[in-house]
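Chain by chain, the residues:
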Amino acid sequence: MTTGQYTYQEIDSQPEVWDSTLAKMVTESEGLRKQLGGINQAPIVVIGCGSTHYLAMHTASILRLNGIFAIHAPSSDLVYFPLDQYPRGFNLLAISRSGTTTETIWAINRYKKEYPNGKVISISCAENTPMAQASHINLIAPSAAERSIAQTRSFSSMVLVSQVLAGLLSGNSEIMKNQQKLPAILRKINEKYKTLVEKLGRDLSIERMFYLGDGPLYGIASEAMLKAKEMSCSWVETYHSLEFRHGPMSLANEKTLIVGLISDSARDAELLVLREMKKLGVRTLAIIESAKGIDLTGIDDVVELNSGIKELDRTALFLPLLQWVAYYRSLEKGLDPDNPVNLSQVVYLK
């Protein structure tokens, strides 16, 4: 068996899996819209563990920016801390790739016991699971299921599903239409930048990496960080862009790669941070919608998405290239991306 073959296939297959996932969402959208009726009138708490905790961060931000009051938390917080720390009468959105993650199931059960009139929505890649059975409404992307331990296509596909959910809850039909454009755009991005991401991933002169992102992109940057840690056992951290200047920049040197996930809303400030860090000798990569008419002095490498889609709806596009960086870094270090050190696909507690 070729080392990392499952992870390779799962990262590479994302455009096709996104198409399949979105086709399923379109088919189910009318029924989901009816099921979700009125849920946006109460606050939503979004939970998950590990990768899906970062997806909860992203999803809560997307919901808020679409006019729905939402906050995120790790599933364990709902298990062990008072639920009255959250808004009164909240509904619960639980996210788990497998639908079997222990803390998430415990959190749902506790929530239903203390708030019997509340609604539980779930996002997953698996059907007929304990989470699905415990939830009132299920959004499932089975074609995104994986054999690998590290989440790649499952995470990005659930990003799409969370976007669809935001569209259904807010009544914004444009979100679904924009998600349907992403698979074709991703194919072009992968083809254009495949050499760059392999080069960065295999460059072991880079000893530490920092991923910077703001708003909904903070959760995406955090997941990219986790992938690099899981697959390649590397020193990787995530910060909000401007927060990096408040202490963490002391770690920046010529053996550092800083990746900026550049938004439209904070673009000038985010690029300024990268230019400032370049003066410290770091290598810089900016992932941006378009570099046209923008001063990119001091930025070593630039990835242009050129999606033509508004910033809130294109967040999934930022992730696959950074998954490739983690994948190639793992191979270059003699590791197996399919079997990260000390990890299993599902975390169970007794």
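Located above this text is the structure these notes cover.
Along each chain, residues carry numbers from 1 onward, in the same order as the chain's sequence is written. Local features in this predicted model are restricted to residues whose pLDDT is 70 or higher, and side-chain atom pairs enter the listing and the counts only when it is 80 or higher, whereas totals over whole chains, interfaces and linings include all residues. Excluded from the side-chain calculation are hydrogens and water; included are all heavy atoms of the structure.

Colleague: Any details on the side chain of D313? Residues and values, ideally.
Modeller: Secondary structure elements follow DSSP: runs of H or I no shorter than four residues count as helices, runs of E no shorter than two count as strands, and numbering proceeds from the N terminus. Residue position: D313 is located in the loop between β10 (301-304) and α11 (319-332). Think of it in three bands: residues with accessible area under 20% of the maximum for their type are buried, residues over 50% are exposed, and the middle band is partly exposed, with areas taken using a 1.4 Å probe on protein chains only. Note on charges: Lys and Arg go in the positive column, Asp and Glu in the negative column, and His and the chain ends are not counted at all. The term salt bridge refers to a pairing of a side-chain nitrogen on Lys or Arg with a carboxyl oxygen on Asp or Glu at a separation within 4 Å. Of the side chains bearing the opposite charge, K310 lies closest to the buried D313, which forms no salt bridge; the N-O distance is 4.2 Å. Any pair of nitrogen or oxygen atoms within 3.5 Å is treated as a polar contact; in protein, a donor-acceptor pairing is required on top of that, and neighbouring residues in sequence qualify only through side-chain atoms on both sides. Only 2.7 Å separates the side chain of D313 from the side chain of N178, close enough to count as a polar contact.

Colleague: Give a detailed account of helix α5 (residues 102-114), specifying residues and quantitative values.
Modeller: Under the convention used throughout, the expected extent of a helix is 1.5 Å for every residue step, that is, one less than its residue count. Taking 1.5 Å of rise per residue, the 13 residues of α5 would be expected to cover 18 Å, and the 19 Å separating its terminal C-alpha atoms lies within 8% of that figure. Of the residues making up α5, those classed as buried are T102, E103, T104, I105, A107, I108 and Y111. Working rule for contacts: check all heavy atoms of both residues, and any pair within 4.5 Å makes them a contact. In this structure, the buried side of α5 is in contact with β1 (44-48), α4 (75-80), β3 (91-95), β4 (120-124) and α6 (130-134).

Colleague: Outline the packing of aromatic side chains, listing residues and values.
Modeller: Where two aromatic rings form a pair, the distance of their centres and the angle of their planes describe that pair. Pairs were defined over the aromatic rings of Phe, Tyr and Trp, the Trp ring being its six-membered one, requiring ring centres within 6.5 Å. Orientation was assigned from the angle between planes: stacked under 30 degrees, edge-to-face over 60, tilted for the rest. What the rule picks out here adds up to twelve aromatic pairs. With centroids separated by 6.3 Å and ring planes inclined at 40 degrees, the aromatic side chains of F210 and Y239 adopt a geometry described as tilted. Taken together, the residues span a long stretch of sequence, with F210 in strand β6 (residues 208-212) and Y239 in strand β7 (residues 235-239) at a distance of 29 residues. By relative accessible area, which is 0% here, F210 ends up buried.

Colleague: Which residues make up unusual backbone geometry, and what values do they have?
Modeller: Backbone geometry places N128, a non-glycine residue, at a positive phi of 55 degrees. In this structure N128 comes out as exposed when scored by relative accessible area, which is 70%. One non-glycine residue, N306, adopts positive backbone phi at about 50 degrees. Within the secondary structure, N306 sits in the loop between β10 and α11.

Colleague: Could you give an account of the packing of helix α9 (residues 216-232) against α11, with specific residues and numbers?
Modeller: Two packed helices can be described by the angle between their axes and the distance between those axes. Simply put, an axis is a line fit to the C-alpha atoms, just over the touching stretch for a helix, and the angle between two N-to-C directions goes from 0 to 180 degrees. Following both chains from N to C, one finds α9 and α11 inclined at 15 degrees, their axes separated by 8 Å at the closest point. It follows that α9 is roughly parallel to α11 by the angle criterion. In the packing of α9 onto α11, the handedness of the crossing is right-handed. Taking contact as the criterion, the partners of I220, E223, A224, K227, A228, M231 and S232 in α9 are, on α11, L319, L322, Q323, A326, Y327, R329 and S330. Put simply, angles under 35 degrees are roughly parallel, angles over 145 are roughly antiparallel, angles from 65 to 115 are roughly perpendicular, and the rest are oblique. What makes a crossing left-handed is the near helix being turned counterclockwise from the far one by less than a right angle; a clockwise turn instead makes it right-handed.

Colleague: Pulling in residues and values, what's your account of the sheet that holds β1?
Modeller: Here a strand pair is declared whenever DSSP counts at least two bridges between the two strands. The strand order across the open sheet built from five strands is β2-β1-β3-β4-β5, with neighbouring strands paired in parallel fashion. In this open sheet, the two strands that pair with only one neighbour each are β2 (70-74) and β5 (137-140). In this sheet, adjacent strand axes meet at a mean angle of 20 degrees when their direction is disregarded. Bridge count for β4 against β5 is four bridges, and the pairing is parallel. When the sheet's bridge partners are listed, S124 is paired in β5 with I140. Helix α3 (residues 51-65) rests against β1, β2 and β3 of the sheet, and its axis sits at about 170 degrees to β2. Together, β1, β3 and β4 form the strand contacts of α5, whose direction differs from that of β3 by roughly 165 degrees.

Colleague: Explain the pairing of β7 to me, using residue names and the numbers behind them.
Modeller: Side chains on a regular strand alternate between the two faces of the sheet. Pairing between β6 and β7: five bridges, direction parallel. Note that in β7 the partner of R208 across the bridge is W235. If the strands point away from the viewer and the path from the first strand over the helix to the second runs clockwise, then the crossover is right-handed. Note that the unit made of β6, α9 and β7 has a crossover that is right-handed.

Colleague: Got a sec to walk through the environment of P320? Specific residues and values, please.
Modeller: The residue P320 is located in helix α11 in this model. We classify P320 as buried; its relative accessible area is 1%. Spatially, the C-alpha atoms of P320 and A224 are 8.8 Å apart, while their sequence positions differ by 96 residues. When near neighbours in sequence (up to four residues on either side) are disregarded, P320 contacts I11, Q14, W18, L186 and N190.

Colleague: Go over the sheet that holds strand β8 (residues 256-261), please, and point to the residues and values.
Modeller: Strand order across the open sheet formed by five strands is β7-β6-β8-β9-β10, with parallel pairing between neighbours. Both outer strands of the open sheet, β7 and β10, are each paired with one neighbouring strand and no more. When strand polarity is set aside, the average angle formed by the axes of neighbouring strands in this sheet is 15 degrees. Relative to strand β9 (residues 283-288), β8 runs parallel, the two being bridged by five bridges. Each residue of the ladder has a partner; that of I258, found in β9, is T284. Seen against the sheet, helix α8 (residues 173-202) touches β9 and β10 and runs at an angle of roughly 140 degrees to β10. Strand contacts of α9: β6, β7 and β8, with the helix running at about 175 degrees to β7, the strand carrying the most contacts.

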